[in-house]
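Remarks on the overall topology
As a plain string of letters, each chain reads:
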Amino acid sequence: MNKKLEFPNDFLWGGATAATQIEGAYNVDGKSLSVMEMIPFIELKDRKDLSQTRKLTTQDLIDSIENKKGLHYPKRYGIDFYHRYKEDIALFKEAGMKIFRMSVAWTRIFPNGDEAEPNKRGLEFYRSVFEECKKQGLEVMVTINHFDMPFSITQNYGGWKNRKVIDMYFKYAKTLIDEFHEYVKYWLPFNEINLGVLFSAMGLEGSTEDKSLAERLAGTYQDLHNQLVAQAKFIEYAKKFNNTKVGCMVADATTYALDCNPINVLENQQKEQMKKFFYYDVMTTGEYPSYSKRYFKENGISIVKENGDDEILKNNTVEFISFSYYMSSTIAKEEVELTEGNLMKMGKNPFLVATEWGWQIDPLGLRYCLNQLWDRYHLPLFISENGMGVLETLNEKNTVEDDYRIEYLGKHFEQMSEAIKDGVNLFGYTMWTPIDVVSAGSNEMSKRYGLIYVDYDDYHKGTGNRFKKKSFYWFQNFMKTKEI
Ligand code: P53
């Protein structure tokens, strides 16, 4: 194409990862298991047939601690970043990246959540990783909790519904910023805070499958409230460090009304309110928006607050907004036709094509989303995830000719540059992912997003060696020329 895009010189380009999808080393140096490491890999006969996915019972989870059924738990192994981080960080630098988004595993720092003192060996590991980033001149963005609560907190305290977990989280988060504020400028207290409701509806919580949807929703909004209070406490504490910034992270995905029928347009507006704006609204204004109060009332949801909650939320809002953006979908009042194989149950759009996992590719939807967020909040924006998962194998030249990924990234970059011209204050972008990782949603290694190929299969068989894909060189060149 050879089109030159415009971006500010100090735009933060980089890559994003998460602890349980890369680190491995699940039982070393005092680490315990997190909820993410309790989910086994299940080989689907047909990737698009979701009826094969199953809910995990509490017993399944308990059995998995000692792996009584001999299953494979991919997030216990990741891509062995724990031992290979120097090589990986050097590759990110070589690609021309300026920032690395990663998460810390709570289970390395407070393995059971309720210890009096942090685990020194866990802190040492992250110090070494941050030192390496510093050496390579990479800025760091840390997600404090990327889906991976220590399993023992869910067993001994019942997870987020228990207010004691707010204190446990705060102690963990405070430890991190006390230890690492010199290395880490950007902090995200929670990854995709709006997906809790979805995950529990998917049954990943283990103990919820016998509850009605209404009960589950009420529970998850209570969990969310407690997370919001925990986040606000962290923001309050982080104010004592001059050089740090705290932002939120929401899984965004543009939705369109299926057609111009006003009923569908209104339905889309209401879905947008409760699935995305609600989260940004609370975290940027510190108040529950009015439409959410009606929604809670009509759905029989009541949230138990303690004295002081309203105040702490009000006084501690985020300084920037970050979000993930992979796809868009359609909404209608009546049932809509869904894309195939999509765990997120996305409404089909006849104008878009979807990946093998049913994620509809929509770069224009990103420009639309950026403008929506900027118009509504006037806070600096950061795209903390965006990318394309594909089935890939190494060719005889030990690379992957991933032209589709080059096209996906280029088209999204183009729309980011258009949004900046629209006046949107977008200050950075971390792609999902710089390197192949274990999939969060499907637990596969086969769903590959990286610029760098990792030689592990779904069962962690392989050398683990890293190979640059065509997109690696393309990105490296883009960093120099800004040409797509
Ligand atoms: P995977 C669903 C929809 C949008 C984002 O996802 C999501 C999910 C969860 O599956 O999660 C984010 O690996 C998440 C990452 C994750 C990435 O998107 O399921 O923050 O941990 O890996 C991609 O294809």
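Residues numbered from 1 in each chain as written. Predicted model: local features only at pLDDT ≥ 70, side-chain atom pairs only at ≥ 80, totals over all residues. Heavy atoms only, no water.

Residues in close proximity to the ligand total 17 residues, the closest being Gln21, Glu385, Ala440, Gly441 and Tyr449. One of the backbone N or O atoms of glycine 441 is found 2.7 Å from an oxygen atom in the ligand. Take lysine 447: an N or O atom from its side chain is 2.8 Å from an oxygen atom of the ligand. In isolation the ligand offers 470 Å² of accessible surface; the protein chains occlude 97% of this area. Looking at side-chain class alone, the shell around the ligand contains nine nonpolar, five polar and three charged residues. (Near = heavy atom within 4 Å. Polar contact = N/O pair within 3.5 Å; in protein donor to acceptor, adjacent residues only side chain to side chain. Areas by Shrake-Rupley, 256 points an atom, 1.4 Å probe, with all protein chains shown as cover. Nonpolar A, V, L, I, M, F, W, Y, C, P; charged D, E, K, R; others polar.)

As a further point, take the pairing of strand β1 (residues 12-16). Burial of β1 is extensive: five of the five residues sit out of reach of the surface. In this sheet, strand β8 (residues 426-431) lies alongside β1 in parallel orientation, the contact comprising four bridges. Pairing of tryptophan 13 across the sheet is with tyrosine 429, part of β8. Direction of pairing for β1 relative to strand β2 (residues 99-103): parallel, over a ladder of three bridges. Paired with alanine 16 across the bridge in β2 is arginine 101. (Buried < 20%, exposed > 50% of the residue type's maximum accessible area, 1.4 Å probe, protein only. Helix = DSSP H or I, 4+ residues; strand = E, 2+ residues; numbered from the N terminus. Pairing = 2+ DSSP bridges.)

In this section: the UniProt feature "active site" (unreviewed entry) in the chain. Sites flagged by UniProt as "active site" (unreviewed entry) map to Glu385. Within the fold, glutamate 385 resides in strand β7 (residues 381-385). With a relative accessible area of 4%, glutamate 385 lands in the buried category. Non-local contacts of glutamate 385, meaning those with residues more than four positions away in its chain, are made with Ala16, Arg101, His146, Asn191, Glu192, Met249, Phe323, Ser324, Tyr325, Tyr326, Thr430 and Trp432. A polar contact is formed between the side chain of glutamate 385 and the side chain of arginine 101, at a distance of 2.9 Å. (UniProt positions renumbered as here; feature names shortened; annotations may be inferred. Contact = heavy atoms within 4.5 Å.)

Turning our eyes to something else, we now look at the sheet that holds β1. Pairing is parallel around the closed barrel formed by eight strands, whose spatial order is β1-β2-β3-β4-β5-β6-β7-β8. Each strand axis lies, on average, 30 degrees off the axis of its neighbour in the sheet, ignoring direction. Across three bridges, β7 lies against β8 in parallel orientation. For leucine 381, the partnering residue across the bridge sits in β8 and is leucine 426. (Axes fitted to C-alpha atoms, helices over the stretch in contact; angles between N-to-C directions.)

Bringing the packing of helix α3 (residues 81-95) against helix α5 (residues 120-135) into the picture now. Running from N to C, α3 and α5 cross one another at 10 degrees; their axes reach a closest spacing of 10 Å. Considering their axes alone, α3 and α5 lie roughly parallel with respect to each other. When α3 is examined against α5, the residues Phe81, Tyr82, Tyr85, Lys86 and Ile89 are found in contact with a partner set consisting of Phe125, Ser128, Val129, Glu132 and Cys133. Of the residues in the contact of α3 with α5, the class split is seven nonpolar, one polar and two charged. (Parallel < 35°, antiparallel > 145°, perpendicular 65-115°, else oblique.)

In terms of nonpolar packing, the biggest core is built from 129 residues, with Phe413 and Met416 touching the most fellow members. Not counting residues up to four positions away in its chain, the partners in contact with phenylalanine 413 are Leu5, Phe7, Trp13, Tyr429, Trp474, Phe475 and Phe478. Core analysis: the second largest hydrophobic core is formed by nine residues, Leu12, Met141, Leu188 and Phe427 among them. (Core = buried A, V, L, I, M, F, W, Y, C linked by side-chain atoms within 4.5 Å.)

This part takes up the pairing of strand β4 (residues 186-190). With five of five residues buried, β4 is to be regarded as a mostly interior element. Pairing between strand β3 (residues 139-145) and β4: four bridges, direction parallel. When the sheet's bridge partners are listed, valine 142 is paired in β4 with tryptophan 187. As paired elements, β4 and strand β5 (residues 245-257) share two bridges and run parallel to each other. Paired with tyrosine 186 across the two strands is lysine 245, which belongs to β5.

Next up on the list: the packing of aromatic side chains. Between two aromatic rings, the relevant description is the distance of the centres plus the angle of the planes. Using the criterion set out here, one finds 49 aromatic pairs in the structure. Ring geometry for phenylalanine 320 against phenylalanine 427: centres 5.5 Å apart, planes inclined by 85 degrees, an arrangement best described as edge-to-face. In this pair, phenylalanine 320 sits in strand β6 (residues 320-331) while phenylalanine 427 sits in strand β8, placing the two residues 107 residues apart along the sequence. For the pair shown, phenylalanine 320 and phenylalanine 427 are each scored as buried. A ring pair is formed by tyrosine 326 and tyrosine 449, whose centres lie 6.1 Å apart and whose planes are at 70 degrees; its orientation type is edge-to-face. You can see tyrosine 326 sitting in strand β6 and its partner tyrosine 449 sitting in the loop between β8 and β9 (452-454), a full 123 residues away along the chain. (Phe/Tyr/Trp six-rings, centres within 6.5 Å; stacked < 30°, edge-to-face > 60°.)

Averaged over all residues, the pLDDT of the chain is 92; the fraction at 70 or higher stands at 93%. Confidence drops under pLDDT 50 across residues 201-208; counting only partners more than four residues distant or on other chains, this segment forms 17 contacts. (pLDDT = per-residue confidence, 0-100.)

If you walk through the whole model with that rule in mind, you get 32 salt bridges. Among the ionic pairs, aspartate 178 bridges to lysine 174, the shortest N-O distance being 3.0 Å. Here lysine 174 and aspartate 178 lie together in helix α7 (residues 164-180), a separation of four residues that amounts to about one turn. Its salt-bridge partner being aspartate 436, residue arginine 448 comes within 2.7 Å of it at the nearest N-O pair. Taken as a pair, arginine 448 in the loop between β8 and β9 and aspartate 436 in the loop between β8 and β9 lie far apart in primary sequence, twelve residues in all. (Salt bridge = Lys/Arg side-chain N within 4 Å of Asp/Glu carboxyl O.)

Right, let's talk about the state of the cysteines for a bit. In a disulfide, the sulfur atoms of two cysteines are covalently bonded to one another. Evaluation of the coordinates by the stated rule reveals zero disulfides. Free of any disulfide, cysteine 248 has its nearest cysteine sulfur in cysteine 369, 12 Å distant. (Disulfide = S-S within 2.5 Å.)

Moving on: the packing of α5 against α7. Running from N to C, α5 and α7 cross one another at 45 degrees; their axes reach a closest spacing of 11 Å. Taken together, the axis directions place α5 and α7 in an arrangement best described as oblique. You can see that α5 and α7 cross each other, and the crossing is right-handed. Contacts between α5 and α7 involve Leu123, Tyr126, Arg127 and Phe130 from the first element and Thr175, Glu179 and Phe180 from the second. Partitioning the contact of α5 with α7 into residue classes produces four nonpolar, one polar and two charged. (Left-handed = near helix turned anticlockwise from the far one by under 90°.)

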